[in-house]
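Remarks on the overall topology
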Amino acid sequence: MLRLLKIEWLKVRRYRAFILLSAVFAVSVVGLNYIVYTQVGRLGDMTTQYGGPEGAGLGGMLIGHPFAYPEVWQSVTYLSSFLLFIPGLIIILLTANEYSFKTHRQAVIDGLSRRQFMAAKIGVVLVTSLFVTVLAVITACIFASAGSAGFTLAGTRYVGYFFVQAVSYMSMALLLVLFFKRSGIAIGVYFLYVFIIKNLLALLLSHKVSEGLGNYLPVKSADLLIPAPTSLGKMFTFNHPDATAMLVASIVWIVLLLWYCTYRFEKSDL
């Protein structure tokens, strides 16, 4: 596997789109959390200014202290999850290039089996998911250290959930690019599914077939692993599905998607 990952790294290390999108994702994760962090601080300052107890703040009353331990693990992973479409986009571009430049065919000619080729792609999905998860952890530690003391691992289960979310998004992206083989079409369908189709299907299934059934759609189940961390968000979240059920559903979908990706590539005409 290490040899396969090294081959993949040699392909992407000078690919400008990969470098740019990776940088955009990293900056966006820090930037989005910073924006929320500063807004919470301003709400607290406003409350103190108008006679409220210092340190409690309107932000604390409404949303608690989302960037203090242990809440920071949930807050940062929840906010960062809105950006997971970017790593999925990276997977689409990297895999589509294999078809555009026929390097997938050349890899097989040079001695890699089709299963090894797909193992390398799945390895990229897992390594990229690990990277974005580590980035979220570092971001959480930075913001929590700036605003509170008392490091704790309580609540770090959300870090694991975030990793599963990342794998789920990228597994769907890999399936779509293997199916369409063109980056433009795959990206279009990917965005449609992630932002529109899965939510519409979830509503239809939950209201027309069985309540809560839509929660078990691919990617949708992963989205529901990390609920909104604020009390205000929870106020408007009714009957949030059980995290264990969503975790099992997400893992099952990931296994099925990656299995089908491997099966399709093994059976497809190069």
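Provided above is the structure to which this section pertains.
Quick caveat, the model's predicted, so the values are computed rather than measured.

Rules and cut-offs
Residues numbered from 1 in each chain as written. Predicted model: local features only at pLDDT ≥ 70, side-chain atom pairs only at ≥ 80, totals over all residues. Heavy atoms only, no water. Helix = DSSP H or I, 4+ residues; strand = E, 2+ residues; numbered from the N terminus. Buried < 20%, exposed > 50% of the residue type's maximum accessible area, 1.4 Å probe, protein only. Contact = heavy atoms within 4.5 Å. Polar contact = N/O pair within 3.5 Å; in protein donor to acceptor, adjacent residues only side chain to side chain. Phe/Tyr/Trp six-rings, centres within 6.5 Å; stacked < 30°, edge-to-face > 60°. Salt bridge = Lys/Arg side-chain N within 4 Å of Asp/Glu carboxyl O.

From N to C terminus, the protein includes 12 helices and zero strands. Among the 270 residues that make up the protein, the fraction classed as buried is 45%. Nonlocal contacts in the protein, meaning residues at least 24 apart in sequence, comprise 79% of its contacts between residues at least 6 apart.

Moving on, we get to the side chain of Thr77. Here Thr77 shows up in helix H4 (residues 71-81). Side-chain polar atoms of Thr77 contact the backbone oxygen of Trp73, separated by 2.6 Å. Within the structure, the side chain of Thr77 is placed 3.2 Å from the backbone oxygen of Gln74, a separation counted as a polar contact. Those residues in contact with Thr77, other than ones at most four positions away along the chain, are Tyr158, Val159, Phe162 and Ile226.

With that settled, the discussion passes to the packing of aromatic side chains. Each aromatic ring pair is characterised by the separation of its centres together with the angle its planes make. One pass over the structure, following the stated rule, counts 17 aromatic pairs. Plain terms: the ring middles of Tyr69 and Phe151 are 5.2 Å apart, the flat faces sit at 75° to each other, and that makes the pair edge-to-face. Remark: Phe151 occurs in the loop between helix H7 (114-147) and helix H8 (157-180) and Tyr69 occurs in the loop between helix H3 (57-63) and H4; sequence separation between them is 82 residues. With relative accessibility at 13%, the residue Tyr69 sits in the buried group. Judged by relative accessible area, Phe151 falls into the exposed class, the value being 52%. On the basis of an interplanar angle of 35° and a centroid distance of 6.3 Å, the ring pair of Tyr260 and Tyr263 is categorised as tilted. Residue Tyr260 and its partner Tyr263 are both found in helix H12 (residues 243-267); the two are separated by three residues, about one turn of the helix.

Tallied over the entire structure, the rule returns six salt bridges. For Arg115, the salt bridge identified is with Glu266, shortest N-O distance 3.1 Å. A residue pair is termed long-range when its members are at least 10 positions apart, and Arg115 in helix H7 and Glu266 in helix H12 qualify at 151 residues. The partner of Asp223 in a salt bridge is Lys198, and the shortest N-O contact between them spans 2.9 Å. Of this pair, Asp223 sits in helix H10 (residues 220-223) while Lys198 sits in helix H9 (residues 183-209), and the two are 25 residues apart along the sequence. Residue classification places Asp223 among the partly exposed residues on the basis of a relative accessible area of 21%. Residue Lys198 is classed as buried on the basis of its relative accessible area, which comes to 3%. Each of Glu8, Lys11, Glu98 and Lys121 takes part in salt bridges that share partners, so that together they form one network.

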